[in-house]
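Per-entry structural report
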Amino acid sequence: MIRFDAVSKQYPDGTKAVDNLSFEAATGQITVLVGPSGCGKTTSLRMINRMIEPTGGRIWIDDRDTSTLDEAQLRRSIGYVIQHAGLFPHYTIAANIATVPRLLGWDKRRAESRALELLERVGLPATFAKRYPSQLSGGQQQRVGVARALAADPPVMLMDEPFSAVDPVVREQLQDEFLSLQGDLGKTIVFVTHDIDEAIKLGDRVGVLRAGGTLAQLAEPAYLLAHPVDDFVADFVGKDRGYRALSFQETPTLPLQPEPTVRLGATAAEARALGARGGWLLVTDEDQRPLGWVEPDRLNGDVTSELLHRGGTVASTSSSLRNTLDAALSSPSRRGVIVDASGALAGTVRAQKVLAAIEELDRPEARPTEDTPPGMPA
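As the structure is a prediction and not an experimental result, all values here were calculated from the model.

What the three strands build is an open sheet, ordered E14-E15-E16; its pairing is mixed. The sheet terminates laterally at strand E14 (314-316) and strand E16 (345-350), the two strands that pair on one side only. With strand direction ignored, the average angle separating the axes of adjacent strands in the sheet is 35 degrees. Lying over the sheet, helix H13 (residues 321-330) contacts E14, strand E15 (335-339) and E16, oriented at roughly 130 degrees with respect to E15.

What follows is the structure, encoded as structure tokens:
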């Protein structure tokens, strides 16, 4: 557990970056700090590992006052992930991951073994161990950054906008992989982001900070969306917070429709013979996994991957209502593609069917799980 007890940071020119900040980051959970630029998110994060020293208050990690701990030992006991990964350019990937274990006195063989183990855990092949950061994509470098933070198996991790420097598709993949990894490891994580959607997706609890470094509200994501404490929080989480709240509603059983499909590599004649509802035909692989849409009437040759329209989201039968509705709205055919647990096509659904399910859904009231008022111990 990490506890902020009336923590402040004031600079010599009088600027207050953080003002009387009190909250708890629960053990084994992800606590996300979010807010406008200049609200003290990163300053708060860096005060945990004493890269920035507080000018008031105390920060505790498992009942240890961090101000009484040796700075170097404190930092080596905390995983730290930043934007652009922050890798050492002249170290191999394995050496980057092994940095903290080596500083802690691990022998070379043990540190290298740990590096290879973590490469696999973050979804990278062992062959990357001998590469250098410049030989990896931005998303791959971020995975290495996470692996490095995990190398010495720290109980606490600090993450400062770690996925903001990659494109939206890779960012979503990294978020999903990170949640899966956290499900296995159960670290105590403080995560900073400026993106409310990322905060809602990743956080067990989300703290919204005001300019000047004061805490406006700390709550579970569903509660935050349903019960913003004031106009500032309501405006920050967005006018479409009702749509975001659908992320926490499991999709009820929907009347999925069978969808004609064509295999990748089929001829234009084969595609036209299957017919196209609304001008669009769904393309799948040999295992019936959706790949994209084509317009058969515009085909001049075989159905190739270059001709696929991939704009639509694919939802699963276990997706939230938000993902299912987005699948229908984003599809060029306006038919949301739904897959089963194996990724094979289960059917399609139109937006009006999803909206009808939302109308009929008997939604229980969100349970009051909001923390105590700002300035008080959580």
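A few words now on the pattern of salt bridges. All chains considered together, the criterion is met by 19 salt bridges. Glutamate 53 is the salt-bridge partner of arginine 50, the closest N and O atoms lying 2.9 Å from each other. When its relative accessible area of 11% is taken as the criterion, arginine 50 is described as buried. Using a relative accessible area of 32% as the deciding quantity, one classes glutamate 53 as partly exposed. Between aspartate 197 and arginine 322 there is a salt bridge whose closest N-O contact spans 3.3 Å. In this pair, aspartate 197 sits in helix H8 (residues 196-202) while arginine 322 sits in helix H13, placing the two residues 125 residues apart along the sequence. Taken together, the salt bridges that share partners define one network made up of Arg50, Glu53, Glu71 and Arg75.

Rules and cut-offs
Residues numbered from 1 in each chain as written. Predicted model: local features only at pLDDT ≥ 70, side-chain atom pairs only at ≥ 80, totals over all residues. Heavy atoms only, no water. Pairing = 2+ DSSP bridges. Helix = DSSP H or I, 4+ residues; strand = E, 2+ residues; numbered from the N terminus. Axes fitted to C-alpha atoms, helices over the stretch in contact; angles between N-to-C directions. Contact = heavy atoms within 4.5 Å. Salt bridge = Lys/Arg side-chain N within 4 Å of Asp/Glu carboxyl O. Buried < 20%, exposed > 50% of the residue type's maximum accessible area, 1.4 Å probe, protein only.

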